[in-house]
Amino acid sequence: MLRFLMLFILLASSAQAQHFPDRAMRMVVGFAPGGTTDIVARIVAESMSKHFNQQIVVENRGGAGGVPAALVVLQVPADGYTLMLQSGGLNQAEVLGTPLPFDAVDAWSPIGLVATSAISLVVTNSLPVTNLRELQAYAKSSDTALRFGSPGVSLVSFLYAQELGIEVEEVRYRGTGAVLNDLIAGRVQAYAIALPGILAQIRAGSLRAIAIASDRRSQVMPDLLTTKEQGFPNIISASWFGVVVKSGTPSDRRLVLAQALNRTLQDAEVRRRLIEAGLDVAEEANPDSFDAMIREDRGRWRRVVERGNLKQ
């Protein structure tokens, strides 16, 4: 009787997976339309929709560092029909002490990484530096702190300050556009930003990129030296974008989603569009390695916060 029951459960689970998804789905994004996270979500949702022959509707719930979007996903059943295009904002919010009604990592079941974009360090053209050593020497010889622009709290600015052993002043703005205007005008001197948001200005010569915060060079700007190559291996920071679902989603449905995401990542047109957006595309959607990456990301920012006594 027990064997028959186990067989029935396995067969039922298999049948459930074979019929999933059998209706429209949605992918929630914690940012407004038009940004990099939204662009990634729409490319991925469009491709996965074709694989499933079911529409995946992108739903933007911007504001508060992605917390409202996360709550939308966490308040629905863990059935795999509501996905989230996750990025690192929740990790930084949690380690800074922002009250969250959920664990920024354990609330989710990772499906797979889609793409990353290492954080580039750009400086105003009036600053006489072309690499990190020159920036370090300039900052240490200056009577005033180096002014880093930031659209909000930027832990990356403090990571650079800690590893270079320099003093920085974080100048906060309401958005990236305002930072760029003042950076080009020389009112702030440096800005740590993912490549997709700054490529146009770098290519136009409006700003100078002096480093990429990674241990390997970017596919998008292969001539830009990494922080590791310049002697600062601990300055590692990247924007990352991946698909997650609510923790507790059945494993067979997570497998179906991961397989579809893998097929999406192998699609040449999808890869082309993501690379053109300034992103380094993941080779595969591996839930375990993605989970490890998310946890490592949170640990890195926790160390920065503790080292600088930045907790709010």
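Residues numbered from 1 in each chain as written. Predicted model: local features only at pLDDT ≥ 70, side-chain atom pairs only at ≥ 80, totals over all residues. Heavy atoms only, no water.

Chemist: Teacher, can you tell me more about helix α5 (residues 132–141) here?
Modeler: Each α-helix winds once per 3.6 residues, and so residues spaced three or four apart point in a common direction. Taken together, the buried positions of α5 are occupied by Leu 132, Leu 135, Gln 136 and Ala 139. Along α5, the residues classed as buried sweep out an arc of 100 degrees about the axis, all on the same side. Regarding α5, its N-cap is Asn 131, as a side-chain oxygen of that residue lies 3.1 Å from the backbone nitrogen of Arg 133 further along. (Buried < 20%, exposed > 50% of the residue type's maximum accessible area, 1.4 Å probe, protein only. Helix = DSSP H or I, 4+ residues; strand = E, 2+ residues; numbered from the N terminus. Arc of directions from axis to C-beta. Polar contact = N/O pair within 3.5 Å; in protein donor to acceptor, adjacent residues only side chain to side chain.)

Chemist: Explain the pairing of strand β5 (residues 146–150) to me, please; I cannot follow it from the model alone.
Modeler: Here is the key point about a regular strand: its side chains alternate between the two faces of the sheet. Of all five residues in β5, four are buried; the element is thus mostly enclosed. Where β5 lies against strand β6 (residues 168–172), five bridges are found, and the strand directions are parallel. Directly across from Arg 147, in β6, lies its bridge partner Glu 169. In this sheet, strand β7 (residues 190–194) lies alongside β5 in parallel orientation, the contact comprising two bridges. In the strand pairing of β7, Phe 148 is matched with Ala 190. (Pairing = 2+ DSSP bridges.)

Chemist: Explain the nonpolar core to me, please; I cannot follow it from the model alone.
Modeler: In summary, soluble globular proteins display a tendency toward joint burial of nonpolar side chains. Among the nonpolar cores identified, the biggest contains 54 residues, and Met 27, Met 48, Trp 108, Val 114, Val 243 and Leu 257 are the most heavily contacted of them. With residues near it in sequence (within four places) discarded, Val 243 still touches Met 27, Val 44, Leu 83, Met 84, Leu 85, Pro 110, Ile 111, Gly 112, Val 114, Leu 261 and Phe 290. Membership of the second largest hydrophobic core comes to 33 residues, among which are Leu 96, Leu 132, Phe 148 and Tyr 160. (Core = buried A, V, L, I, M, F, W, Y, C linked by side-chain atoms within 4.5 Å. Contact = heavy atoms within 4.5 Å.)

Chemist: Please clarify how helix α6 (residues 155–164) should be interpreted in this entry.
Modeler: Of all ten residues in α6, nine are buried; the element is thus mostly enclosed. Here α6 has its buried residues at Leu 155, Val 156, Ser 157, Phe 158, Leu 159, Tyr 160, Ala 161, Gln 162 and Leu 164. Of the residues trailing α6, Gly 165 is marked for its positive phi of about 70 degrees.

Chemist: Quick question: what am I supposed to make of the environment of Leu 207 here?
Modeler: Here Leu 207 shows up in strand β8 (residues 207–212). The exposure class assigned to Leu 207 is buried, which follows from its relative accessible area of 4%. The spacing of Leu 207 and Gly 231 is 24 residues in sequence and 23 Å in space, taken between C-alpha atoms. Those residues in contact with Leu 207 that lie beyond four places of it in its chain are Val 123, Thr 124, Asn 125, Leu 180, Leu 183, Ile 184, Ile 198, Gln 201 and Ile 202.

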